[in-house]
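Examination of the molecular architecture
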Amino acid sequence: NSKINLAANELLFREGEAGQFAYLIERGRIAILRDSAGEYQLLSELGAGECLGEMALISHDPRMASAMALEDTTLTVITRDHLKERMARSDPLIRHLLQLTLKRYRQSLGQTFPDTSSTQDLDYLEDEQQAMQRMRTEHDLSHALDKQEFILHYQPIVRLADRITTGFEALLRWRRDDGQLVSPDLFIAVAEESQIIEKIGHWIIDEASQARTRLASAYNGKLSEDFYVSINLAARQFPDPELPGVVQEAIRRHGLLAQQLQMEVTESQILENREHAISVLHNLQSMGCRIALDDFGTGYSSLAYLNRLPVDALKIDKMFLDDMLSDQASRTIIAGMARLARDLQLSFIAEGAETEQQVEALSALGVEHVQGFFFGRPFALETKKEPA
Ligand code: C2E
Ligand code: CA
Ligand code: CA
Ligand code: CA
């Protein structure tokens, strides 16, 4: 960060100039002045610790007032570049609202600068569309729970040795007003960014727990007596202090054993806040719940800390199975992961098997469990609600 020094009565910037920087006052005092009919009018006085010129960081509009040192003053210069990367990473909705607020503010001051922001910040224009769409989805999502628009589908997880179903993965679907089913890939991310995920997460845990009894009677396949229901946890659910209580309550309310619930988490979710995530997982595991590491082998993490993670099962993604029949290397990798799981005494589930050939090959590679369209697509239970 570069610093600049101003003497008393020295101008920092002039109204109408293009603004490039914001400034943080380290020591001294700055007057903010507006030129009204040739005379300077004092708008405000700023001192150490205060910031000025910050609007230039957000829009390319000219300075709305002048700034002049009242005494010897030292400033830290903040460039737009400092912020650019952070802005790019921030929520497009927040960026959009910031732009709007700024525009309204300028309008309220009766300042009508040519709208340069839209031509110079093309990325902001795109943001606007994206932000609006997101805001709509977010709004609809926040009502979807009350409107009972969420449903869970269940997909069997089958043990290859005897082809008995040992569990079901609960997969979320959103049935919108128009009856259209929306895939979680299209809305989970939005729900995660807006905290709505916590409430949806609570609903999923209760609903999936309640469904276990109904699954036992509705399912046509061969079912293990102590089968489990597997629930996907989103990264944003880890910081939720209510999570362990909600799980405990669901288990109690629906008369389950804790090991009849499995929680699926991905490596990248754990990595977001590793120590905390691990402690939450320990907590769930000590309650008796199973923990599965989902999408194993697709993250960045090393195997080094696998034994530090409280997990009972590894799940591998469909991508590993996609070319397994034509590619020897793929088979070697699958066999290696299955072996690793066995040696660590973890259960192993290969996801996304669609054909008999795949299932046979997986069996030959030592894979213990398979989940995939071959054994069953995700299905819905009766939607009829039990009386509360
Ligand atoms: P995931 O946890 O890896 O879920 C497995 C996905 O693979 C599911 O997609 C499932 O329908 C699909 N799948 C399973 N077998 C096959 C197969 O043989 N062929 C093909 N083509 N696909 C197969 P889905 O239900 O669309 O879910 C997508 C992702 O959305 C999930 O990936 C998970 O990350 C997320 N998700 C789903 N339900 C929930 C939920 O309740 N909570 C949270 N936080 N995330 C969820
Ligand atoms: Ca999953
Ligand atoms: Ca998965
Ligand atoms: Ca996946």
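Here the structure is a predicted model, which means the values were calculated and not measured.

The next point concerns the pattern of salt bridges. All told, the structure shown has 18 salt bridges when counted by the stated rule. Put simply, Asp322 and Lys318 hold a salt bridge, and the shortest N to O gap is 2.9 Å. Note on Lys318: relative accessible area 31%, which makes it partly exposed. The network of salt bridges with common partners includes Glu169, Glu264, Lys315 and Glu351.

Another point: the coordination of the calcium ion (ligand 2). Protein ligation of the calcium ion (ligand 2) involves Glu169 (OE), Asn232 (OD1), Glu264 (OE) and Asp294 (OD), the donor distances falling in the range 2.2 to 2.3 Å. Each donor residue of the calcium ion (ligand 2) belongs to the same chain, and together they define the spacing E-x62-N-x31-E-x29-D. Here the calcium ion (ligand 2) and the calcium ion (ligand 3) are spaced 3.9 Å apart, with Asp294 acting as a shared donor. Placement of the pair is Glu169 in strand β10 (residues 164-175) and Asp294 in strand β14 (residues 290-296), with a sequence separation of 125 residues.

Residues Val247 and Leu362 are the most contacted members of the largest nonpolar core, which totals 76 residues. When residues of this core are assigned to their parent elements, the largest contribution, 8 residues, is made by helix α7 (residues 196-218). Non-local contacts of Leu362, meaning those with residues more than four positions away in its chain, are made with Leu160, Leu321, Met324, Ile334, Ala350, Ala353, Val367 and Val370. Among the nonpolar cores identified, the runner-up in size contains 14 residues, and Leu12, Ile32, Leu52 and Ala67 belong to it.

For the rest of this paragraph, the subject is the site of ligand 1. Taken together, the neighbourhood of ligand 1 is formed by 22 residues, with Leu172, Arg173, Asp294, Glu354 and Phe373 sitting nearest. Measuring from an oxygen atom of ligand 1, one finds a side-chain N or O atom of Asn232 at 3.2 Å. At 3.4 Å from an oxygen atom of ligand 1 is found a side-chain nitrogen or oxygen belonging to Glu351. Protein contact buries 82% of the 800 Å² of open area that ligand 1 shows by itself. Breaking the shell around ligand 1 down by element, the ones donating at least two residues are β10, α6 (184-193) and β14. A per-element tally of the shell around ligand 1 places β10 first, with 4 residues.

Once that is clear, we can look at the packing of aromatic side chains. If you walk through the whole model with that rule in mind, you get 11 aromatic pairs. Seen from their ring centres, Phe168 and Phe227 are 5.6 Å apart, and the 90° between their planes marks the pair as edge-to-face. Separated by 59 residues along the polypeptide, Phe168 in strand β10 and Phe227 in strand β12 (residues 223-232) bring together distant segments of the chain. With respect to burial, Phe168 and Phe227 carry one shared label: buried. Aromatic pair Trp174 and Phe187: ring centres 5.5 Å apart, planes at 75°, arrangement edge-to-face. Taken together, the positions of Trp174 in strand β10 and Phe187 in helix α6 put the pair 13 residues apart, joining distant regions of the chain. For the pair shown, Trp174 and Phe187 are each scored as buried.

Let us now look at the domain arrangement of the protein chain. Split into domains, the protein chain comes out as domain 1 (3-89), domain 2 (91-144) and domain 3 (148-380). A straight line from the C-alpha centre of domain 2 to that of domain 3 covers 38 Å. The contact between domain 2 and domain 3 buries some 910 Å² in all, and 64% of this surface belongs to carbon and sulfur atoms. Considering only the side of domain 2, the residues that lose the most area to domain 3 are Arg134, Leu141 and Ala144, jointly responsible for 61% of the buried surface there. Notably, a salt bridge pairs Arg176 with Asp140, separated by 2.3 Å at the nearest N-O pair. One can count 3 residue pairs in polar contact (both at pLDDT 80 or more) joining domain 2 with domain 3. For the side of domain 2 that touches domain 3, the residue count by class is 2 nonpolar, 2 polar and 4 charged.

Criteria and cut-off values
- Residues numbered from 1 in each chain as written.
- Chains lettered and ligands numbered in written order.
- Predicted model: local features only at pLDDT ≥ 70, side-chain atom pairs only at ≥ 80, totals over all residues.
- Heavy atoms only, no water.
- Salt bridge = Lys/Arg side-chain N within 4 Å of Asp/Glu carboxyl O.
- Buried < 20%, exposed > 50% of the residue type's maximum accessible area, 1.4 Å probe, protein only.
- Donors = N, O, S within 2.8 Å, 3.2 Å for Na, K, Ca; no water.
- Helix = DSSP H or I, 4+ residues; strand = E, 2+ residues; numbered from the N terminus.
- Core = buried A, V, L, I, M, F, W, Y, C linked by side-chain atoms within 4.5 Å.
- Contact = heavy atoms within 4.5 Å.
- Near = heavy atom within 4 Å.
- Polar contact = N/O pair within 3.5 Å; in protein donor to acceptor, adjacent residues only side chain to side chain.
- Areas by Shrake-Rupley, 256 points an atom, 1.4 Å probe, with all protein chains shown as cover.
- Phe/Tyr/Trp six-rings, centres within 6.5 Å; stacked < 30°, edge-to-face > 60°.
- Domains from an automatic or database assignment.
- Buried area = accessible area lost by both parts, 1.4 Å probe.
- Nonpolar A, V, L, I, M, F, W, Y, C, P; charged D, E, K, R; others polar.

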